[in-house]
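Working through the structure, step by step
Next come the chains, spelled out residue by residue.
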Amino acid sequence: MTNIPNIGRPTPAPGEQLLPFYIVCDESHSMDFNGGIDAINSGLPDLHAAIASDPLVNDKARICLISFSDTAEVLVPLLPAADIEELPGMMKKNATSYGAAFRLLKTQIAIDIDKMKADGYKVLRPAVFFISDGEPTDSGYWEDDHADLVNKTTNPQAPNIIAFGVDKADRYVMKKVATVAAFMAMENVNPGAALKEIMRSLTASIVASASAAKPTMIIPPAPEGTFSLPLDTMDE
């Protein structure tokens, strides 16, 4: 795990806002087989460079990289991009435990928000980019962990989730995971190619969201080779 201390960072101005982003990537065996891991790994340096090289975006955004398979792991803790030497790549593992990812997110987001507030920042609702190529192997269990994460009544720090599904991912599961937007790769599109476009899309979303004087979450349009999934409304 990359862990670079926050050294010499100036005291924030009163009310200075931060927008935290969590990039959550599936490391299951199938992500290696279909080229997904290579696509994500090739996109991470570009994402890092785009954010770190823009002073305004770097000041307003914080990024955290999480991987999940049988378990979930923080690969890079929440930091300004310029404080991160490099983003480590994904590695082929085994299962696809959505629940592990959601449990870790709930714990980590709470820790991170408490720290940012203690440092004097006003923290905006976190954004999660969730990327997977298959159905959860903890079917029937992950839903409770997801509910614990996104229920704003019991978890005031609940994040906004944008879900991206490729290959064997179930569109109905992606709709359940997402809270603000969900996208699926088209069936005739190579999963690796789709994930390259997804990485470009979320990079552009982070830059656009943090570029304004008052940062706000900008939901990206459907990346090339994907389509948007309509989320359910309360009367459906």
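To be clear, the structure that these remarks concern was listed above.
Along each chain, the written sequence defines residue order, and numbers are assigned to residues from 1. Owing to the predicted nature of the model, reporting of local features is limited to residues with pLDDT of at least 70; listing and counting of side-chain atom pairs is limited to 80 or more, with chain, interface and lining totals taken over all residues. The basis for the side-chain values is all heavy atoms of the structure; hydrogens and waters are excluded.

To continue, consider the state of the cysteines. Note on disulfides: each one is a pair of cysteine sulfur atoms within 2.5 Å. Under the criterion given, the structure shown has zero disulfides. Left unpaired, Cys25 is separated from the closest cysteine sulfur, that of Cys64, by 11 Å. Burial status follows relative accessibility: with a 1.4 Å probe on protein chains alone, a residue under 20% of its type maximum counts as buried, one over 50% as exposed, and anything between as partly exposed. Residue Cys25 is classed as buried on the basis of its relative accessible area of 0%. On the accessibility criterion, Cys64 (2% relative accessible area) is buried.

Numbering of helices and strands runs from the N terminus, with a helix taken as a DSSP run of H or I at least four residues long and a strand as a DSSP run of E at least two residues long. Burial within strand 5 (residues 127-132) is extensive, with six of its six residues counted as buried. With burial as the criterion, each face of strand 5 is covered, one bearing Ala127, Phe129 and Ile131 and the other bearing Val128, Phe130 and Ser132. Pairing between strands requires that DSSP locate at least two bridges from one strand to the other. By the bridge criterion, five bridges tie strand 1 (residues 17-26) to strand 5 in an arrangement that is parallel. Bridge pairing in strand 5 places Cys25 opposite Ile131. Bridging between strand 5 and strand 6 (residues 160-165) involves six bridges; their strand directions are parallel. Bridge pairing in strand 6 places Val128 opposite Ile161. Note that the unit made of strand 5, helix 5 (residues 142-150) and strand 6 has a crossover that is right-handed. Viewed with both strands pointing away, a crossover whose connecting path from the first strand over the helix to the second turns clockwise is right-handed.

So, on to the packing of aromatic side chains. Each Phe, Tyr or Trp ring, with Trp reduced to its six-membered ring, pairs with another whose centre is within 6.5 Å; inter-plane angles below 30 degrees give stacked pairs, above 60 give edge-to-face pairs, and intermediate values give tilted ones. In the structure shown here, the tally under the stated rule is ten aromatic pairs. On the basis of an interplanar angle of 80 degrees and a centroid distance of 6.2 Å, the ring pair of Tyr98 and Phe102 is categorised as edge-to-face. Of this pair, Tyr98 and Phe102 both sit in helix 4 (residues 98-118), four residues apart, which is roughly one turn of the helix. Overall, the relative accessible area of 0% leaves Tyr98 in the buried class. Ring centres 6.0 Å apart and planes at 45 degrees place the aromatic pair Phe102 and Trp142 in the tilted group. One end of the pair, Phe102, is in helix 4; the other, Trp142, is in helix 5, and 40 residues separate them in sequence. Under the relative-accessibility criterion, Phe102 is labelled buried at 1%.

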